[in-house]
Amino acid sequence: MNGENNKILIRGLEVNACHGVLAEEKINPQPFIFDADLYTDFYSAAKNDDIEGTVNYAKACDILVKTATEKTYNLIETLAYMGVYALFDRLNLQKISLTVYKPQAPVNHKFGTVGVTVTAEKERVYLSLGSSMGDKKGYLDTAIKKLSETRGVTVKKVSSYIETQPYGGVAENSFLNCAVEIETYLTPGQLLEEIHRIESECGRVRTVHWGDRTLDIDIVFFGRKILEEDDLQIPHPEYSKRAFVLVPLNEIAPDFVCPVNHKKVKDLQI
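The paragraphs below set out a description of the structure included in this document. What you see is a predicted model; the values in this text were computed from it and never measured.

In this section: the packing of helix H4 (residues 136-148) against helix H5 (residues 188-201). Viewed as axis vectors pointing N to C, H4 and H5 meet at an angle of 140°, and their least axial separation amounts to 10 Å. Between H4 and H5, the crossing angle belongs to the class labelled oblique. As for how H4 packs across H5, the hand of that crossing is right-handed. The residues of H5 that touch H4, namely those facing Ala 143, Lys 146 and Leu 147, are Arg 197, Ile 198 and Glu 201.

Spelled out as structure tokens, the structure:
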């Protein structure tokens, strides 16, 4: 990203608020301390000495204070995530590292403070969507709407819908497919969890592998990340063999370069 080493620092922002598992913590305010690293490209702002080109740290502090005082949470983990989400939603930031300290936590030992840190970064992600049952277009439309309504996800581009023949020799019906470009500050695992939720809400039942389904959403690319996990591989290991992935993807991201084979999408057509 541009200006990837540029960051605005907030240190020691103190807010009196009510967060904790114990009943008295929910009614008796105590101090919470915020440290934030806010990554944004402020080169142009510095060059032109113009506040409009950077992030106003006073506004960032206001956002954190409001987040800490408008609701009560059991966990500072939740408070930290809510702070990150609120900052991303209202400020032009690429990456955030937010630490929340609770110096008066109910710990029966001598200590300085306890705290948690949440780090999140915006990524450009490409998804492949397909449906082979019922109102196929309706399922794709609903999925895209649900993606756009998911906090931390912004839908940027949607390809045309194309009809394709089933892949893998199991499904019997033709598919309707498309590709979607999103921007997200969720992690790959968090995004996968939201995808499974959306598939389930659209009636997806996981029974027969490669069988007919109301909705299927695959993560094809997640920025430049390469992941090899039991339940998630990025880039998708089969994407380059599937015309139903590559054709719509080429429509919205022809120049995206695969981090594994280092080829552009437009050069991978089957």
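Picking up where we left off.
All told, the structure shown has 16 salt bridges when counted by the stated rule. Lys 7 is the partner of Asp 37 in a salt bridge, and the nearest nitrogen-oxygen pair spans 3.4 Å. Here Lys 7 lies in strand S1 (residues 7-17) and Asp 37 lies in strand S2 (residues 30-39), a separation of 30 residues in the sequence. Relative accessible area serves as the criterion here: at 11%, Asp 37 is assigned to the buried category. Of the residues examined, Lys 7 reaches a relative accessible area of 36% and is grouped as partly exposed. For the salt bridge of Asp 89 with Arg 151, the shortest nitrogen-to-oxygen distance reads 2.9 Å. One end of the pair, Asp 89, is in helix H3 (residues 76-90); the other, Arg 151, is in the loop between H4 and strand S6 (153-158), with 62 residues separating them in the sequence.

Relative to the 20 Å expected for 14 residues at 1.5 Å per residue, helix H2 (residues 57-70) spans 20 Å between its end C-alpha atoms, a close match to the ideal helical length. Among the residues making up H2, those that are buried are Ala 60, Cys 61, Ile 63, Leu 64, Thr 67 and Ala 68. For H2, the buried positions fall inside an angular range of 160° around the axis, keeping them on one side. Considering only its buried residues, H2 is in contact with S1, S2, H3 and strand S3 (95-102). Sitting at the head of H2, Asn 56 places a side-chain oxygen 2.8 Å from the backbone nitrogen of Ala 58.

Here we come to the sheet that holds S1. Taken in spatial order, the 4 strands make up an open sheet running S1-S2-S3-S4, and their pairing is antiparallel. Unpaired on one side and paired on the other, S1 and strand S4 (114-121) mark the two borders of the sheet. The sheet shows a mean angle of 15° between the axes of neighbouring strands, taken without regard to direction. Two elements, S2 and S3, share 7 bridges in a ladder whose sense is antiparallel.

Our focus in this paragraph is H4. Along its 13 residues, H4 runs 19 Å from first to last C-alpha, staying within 8% of the 18 Å computed at 1.5 Å per residue. Every buried residue belonging to H4 is among Gly 138, Leu 140, Ala 143, Ile 144 and Leu 147, and all of these are buried. Looking at the buried residues of H4, the elements they touch are strand S5 (123-131), S6, strand S8 (175-184), H5 and strand S9 (216-222).

Attention now moves to unusual backbone geometry. Ile 234 connects to Pro 235 through a cis peptide bond whose omega is -5°. Along the polypeptide, Pro 235 turns up in the loop between strand S11 (233-234) and helix H6 (243-252). Unlike most non-glycine residues, Asp 49 shows phi in positive territory, near 55°. Take Asp 49: its relative accessible area is 73%, and that puts it in the exposed class. Phi is positive for His 262, which is not a glycine, with a value near 60°. Using a relative accessible area of 58% as the deciding quantity, one classes His 262 as exposed.

Tracing the backbone through its elements, the reader meets Ile 234 in strand S11. On the basis of relative accessibility, which here comes to 1%, the residue Ile 234 falls in the buried class. Ile 234 sits 158 residues away from Ile 76 along the chain, and the two C-alpha atoms are 31 Å apart. Once residues within four sequence positions are removed from consideration, Ile 234 is found in contact with Pro 188, Ile 219, Val 220, Phe 221, Phe 222, Lys 225, Ile 226 and Leu 227.

Ranked by size, the top nonpolar core spans 59 residues in total, and within it Phe 34, Leu 38, Leu 87, Leu 127, Leu 129, Leu 191 and Ile 219 carry the most contacts. Among the elements that line this core, the one with the most residues is H3, at 9 residues. Setting aside chain neighbours within four positions, we find Leu 129 in contact with Leu 140, Ala 143, Ile 144, Leu 176, Asn 177, Cys 178, Val 180, Asp 216 and Ile 217. By size, the runner-up hydrophobic cluster in this structure holds 15 residues, among which are Ala 179, Val 220, Ala 253 and Phe 256.

Conventions and cut-offs
- Residues numbered from 1 in each chain as written.
- Predicted model: local features only at pLDDT ≥ 70, side-chain atom pairs only at ≥ 80, totals over all residues.
- Heavy atoms only, no water.
- Axes fitted to C-alpha atoms, helices over the stretch in contact; angles between N-to-C directions.
- Helix = DSSP H or I, 4+ residues; strand = E, 2+ residues; numbered from the N terminus.
- Parallel < 35°, antiparallel > 145°, perpendicular 65-115°, else oblique.
- Left-handed = near helix turned anticlockwise from the far one by under 90°.
- Contact = heavy atoms within 4.5 Å.
- Salt bridge = Lys/Arg side-chain N within 4 Å of Asp/Glu carboxyl O.
- Buried < 20%, exposed > 50% of the residue type's maximum accessible area, 1.4 Å probe, protein only.
- Expected span 1.5 Å × (residues − 1).
- Arc of directions from axis to C-beta.
- Polar contact = N/O pair within 3.5 Å; in protein donor to acceptor, adjacent residues only side chain to side chain.
- Pairing = 2+ DSSP bridges.
- Core = buried A, V, L, I, M, F, W, Y, C linked by side-chain atoms within 4.5 Å.

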